[in-house]
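Now for the letters of each chain:
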Amino acid sequence: MSQTYGSLDFEREMYWAVHEEECLAYLAKGVTDYLGPGLLDVHGPWEPSACSARLLDWFDRGLIELYDDREGHPSYRPDRPGHPSTRNGPTGIIPCARARMLLEAWADWSESDETWLCTRLVSTDRGEQELQEPVGPIV
């Protein structure tokens, strides 16, 4: 069952996708949390268009960027996952116009194209301050 843009679960998972630097290929598929033997908490899948809309809002507000992990890793973010050899080299940050185009191209997000597997979300310095995990019960 897909969730709609604006649900608390959807908002939480979009926040975590940015925080965990998810690639666009997997973003809409949802997440399954394993809570112990036989205990699962399933989130999603999501409508790709809703994912795109949420991310474009954050992008336009300067809260997130995209980077290509084939090109590097944002060096100002040493606390994030990634190969250490990329820490002091190229950041891989995708220029704004291209990033917007990639976020808008939700119909093309696919596991079969390396572009989408290597294009990752990352919060900006501003996003680190302003993006907060939504809290409250999920109904």
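Throughout this document, residue positions are counted from 1 along each chain, in the order its sequence is written. This being a predicted model, a pLDDT of at least 70 is required before a residue's local features are given, and a value of 80 or more before pairs of side-chain atoms are given or counted; all residues contribute to the totals for chains, interfaces and linings. Hydrogen atoms and water are omitted, and side-chain values are computed over all heavy atoms in the structure.

Novice: I'd like a description of the packing of helix α2 (residues 48-60) against helix α3 (residues 96-104), backed by residues and values.
Specialist: Axis definition: a line fit to C-alpha positions, over the contact stretch in the case of helices; interaxial angles, taken between N-to-C directions, run 0 to 180 degrees. Secondary structure counts use DSSP, requiring at least four H or I residues in a row for a helix and at least two E residues in a row for a strand, with both numbered from the N terminus. Relative to each other, α2 and α3 sit at 160°, their axes nearing to 9 Å. As the angle between them shows, α2 and α3 are arranged roughly antiparallel. Crossing angle aside, the handedness with which α2 passes α3 is left-handed. Together, S52, L55, L56, F59 and D60 of α2 and C96, A99, R100, L103 and E104 of α3 make up the contact between the two elements. Taken together, the residues of the contact of α2 with α3 sort by class into six nonpolar, one polar and three charged. Reported orientations rely on four angle classes, namely roughly parallel under 35 degrees, roughly antiparallel over 145, roughly perpendicular from 65 to 115, and oblique for the rest. Each crossing is labelled by how the near helix is turned from the far one, with a counterclockwise turn of less than a right angle marking it left-handed and a clockwise turn marking it right-handed. Any two residues having at least one pair of non-hydrogen atoms within 4.5 Å are treated as being in contact. Classes in brief: Ala, Val, Leu, Ile, Met, Phe, Trp, Tyr, Cys and Pro nonpolar; Asp, Glu, Lys and Arg charged; the others, Gly included, polar.

Novice: Report on α2, specifying residues and quantitative values.
Specialist: Multiplying 1.5 Å by the residue count of a helix minus one yields the expected span of that helix. Here α2 is 13 residues long and its end C-alpha atoms lie 18 Å apart, about the 18 Å a rise of 1.5 Å per residue gives. Buried means the residue's accessible area, taken with a 1.4 Å probe over protein chains only, is under 20% of the maximum for its type, while exposed means over 50%, and partly exposed covers the values in between. Within the sequence span of α2, burial applies to A50, C51, S52, R54, L55, L56, W58 and F59. Each element contacted by the buried residues of α2 is listed here: α1 (8-19), β3 (64-68), α3 and β4 (119-123).

Novice: Outline the environment of F59, listing residues and values.
Specialist: With respect to the helices and strands, the residue F59 is situated in helix α2. Under the relative-accessibility criterion, F59 is labelled buried at 12%. A sequence separation of 44 residues divides F59 from L103, and the C-alpha atoms of the two residues are 8.9 Å apart. When neighbours within four sequence positions are excluded, F59 is seen to be in contact with I64, C96, A99, R100 and L103.

Novice: Tell me about a nonpolar patch on the surface, and name the residues and values.
Specialist: A contiguous nonpolar patch, built from Y34, L40 and V42 and spanning about 370 Å² of accessible area, is present on the exposed surface. Mapping L40 onto the fold places it in strand β2 (residues 39-43). Take L40: its relative accessible area is 51%, and that puts it in the exposed class. Surface patches are defined over residues having more than 30% relative accessible area and no salt bridge, joining like charges when they lie within 9 Å and nonpolar side chains (Val, Leu, Ile, Met, Phe, Trp, Tyr) when within 5 Å. Using a 1.4 Å probe, accessible areas were evaluated by the Shrake-Rupley method; residue-level cover was limited to the displayed protein chains. By salt bridge we mean one thing: a side-chain nitrogen of Lys or Arg within 4 Å of a carboxyl oxygen of Asp or Glu.

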